[in-house]
Amino acid sequence: MNRKLTLLAVVMLLVIVLLLAAMLSACGGGKNQLETARGLINESAETLIEKLGEPNDSRYAQSCLGDGEDGELYYDGFTVYTYRDANGVETIYDVMEQN
């Protein structure tokens, strides 16, 4: 009986620790995503979406730099700016934190 209580106490303690870790990591998630996005400048937007998931929203407009489109991908707390060429290849060129 004593062994079962000890095992139950250990399991409950592990569950509490895991829940606390999840809550604490969620608090800093926005900054981690921002840093991840900044580390992907000059990389494909496809890589960004693989790492961070789909943006909350996005907008595209004809680019004045070439035949493609300028894009804005909106995430919580920051915006990713992209250029999508005529072949559909989309590259990140800037990431700006939003206050």
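Heads up: the structure comes first, above all this text.
Nothing here was measured: the structure is a model prediction, and the numbers come from that model.

Conventions adopted
- Residues numbered from 1 in each chain as written.
- Predicted model: local features only at pLDDT ≥ 70, side-chain atom pairs only at ≥ 80, totals over all residues.
- Heavy atoms only, no water.
- Phe/Tyr/Trp six-rings, centres within 6.5 Å; stacked < 30°, edge-to-face > 60°.
- Buried < 20%, exposed > 50% of the residue type's maximum accessible area, 1.4 Å probe, protein only.
- Helix = DSSP H or I, 4+ residues; strand = E, 2+ residues; numbered from the N terminus.
- Pairing = 2+ DSSP bridges.

Counted according to the given criterion, the structure contains 1 aromatic pair. Seen from their ring centres, Tyr75 and Phe78 are 5.3 Å apart, and the 10° between their planes marks the pair as stacked. Note on accessibility: Tyr75 and Phe78 belong to one class, buried.

Okay, the pairing of strand β3 (residues 78-84) next. Walk down a regular strand and you will see the side chains alternate between the two sheet faces. Buried residues dominate β3, accounting for 5 of its 7 residues. Here strand β2 (residues 69-75) runs beside β3; their pairing, made up of 7 bridges, is antiparallel. From the neighbouring strand, Glu69 faces β3, where its bridge partner is Arg84. With antiparallel pairing between neighbouring strands as the criterion, β2 and β3 make up a hairpin whose turn holds 2 residues, including Gly77 at a positive phi of roughly 90°. Bridge count between β3 and strand β4 (residues 90-97): 7 bridges; the pairing is antiparallel. Bridging across to β4, Tyr81 finds its partner in Asp94. The loop that links β3 with its antiparallel partner β4 comprises 5 residues; one of these, Gly88, has a positive phi angle of about 90°.

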